[in-house]
Amino acid sequence: MNKWIYFLVGFLLIIWAIGFFVFDFGVFIHILFVMALFIMLFEVIREENK
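Read on for an overview of the structure.

**Overview of helix 2 (residues 27–48)**
Thought 1: Helix length check: helix 2, at 22 residues, gives a terminal C-alpha distance of 32 Å against a target of 32 Å (1.5 Å per residue), a fit within 8%.
Thought 2: Listed in full, the buried residues belonging to helix 2 are Ile29, Leu32, Ala36, Ile39 and Glu43. All buried residues of helix 2 lie within an arc of 85° about the axis, which places them on one face of the element. Exposed residues lying more than 90 degrees from the buried face of helix 2 are Val27, Val34, Phe38, Leu41 and Glu48.
Thought 3: If you follow the buried residues of helix 2, they end up packed against helix 1 (2–21).

**A word on the pattern of salt bridges**
Thought 1: Per the stated rule, a full pass over the model turns up one salt bridge.
Thought 2: Among the ionic pairs, Arg46 bridges to Glu43, the shortest N-O distance being 3.1 Å. Remark: Glu43 and Arg46 occur in helix 2; sequence separation between them is three residues, near one turn of the helix.

**Section: the nonpolar core**
Thought 1: With eight residues, the main nonpolar core is built from Ile5, Val9, Leu12, Trp16, Ile29, Leu32, Ala36 and Ile39.
Thought 2: Among the secondary structure elements, those contributing two or more residues to this core are helix 1 and helix 2.
Thought 3: Beyond its immediate chain neighbours, meaning those up to four positions away, Leu32 contacts Leu12 and Ile15.

Parameters at a glance
Residues numbered from 1 in each chain as written. Predicted model: local features only at pLDDT ≥ 70, side-chain atom pairs only at ≥ 80, totals over all residues. Heavy atoms only, no water. Helix = DSSP H or I, 4+ residues; strand = E, 2+ residues; numbered from the N terminus. Expected span 1.5 Å × (residues − 1). Buried < 20%, exposed > 50% of the residue type's maximum accessible area, 1.4 Å probe, protein only. Arc of directions from axis to C-beta. Contact = heavy atoms within 4.5 Å. Salt bridge = Lys/Arg side-chain N within 4 Å of Asp/Glu carboxyl O. Core = buried A, V, L, I, M, F, W, Y, C linked by side-chain atoms within 4.5 Å.

This is a description of form; function is not addressed.
Next comes the structure, spelled out in structure tokens:
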């Protein structure tokens, strides 16, 4: 399960980078970036509590 979370974060960051530098999707791209950061932060906090 842990690998899936990192895969999801990486996927969202790649989609964000492509959308930010190649296409102009506006707010949607920044929402993906914030989601990826939130997932990553949640995972770090969850691992510290173990």
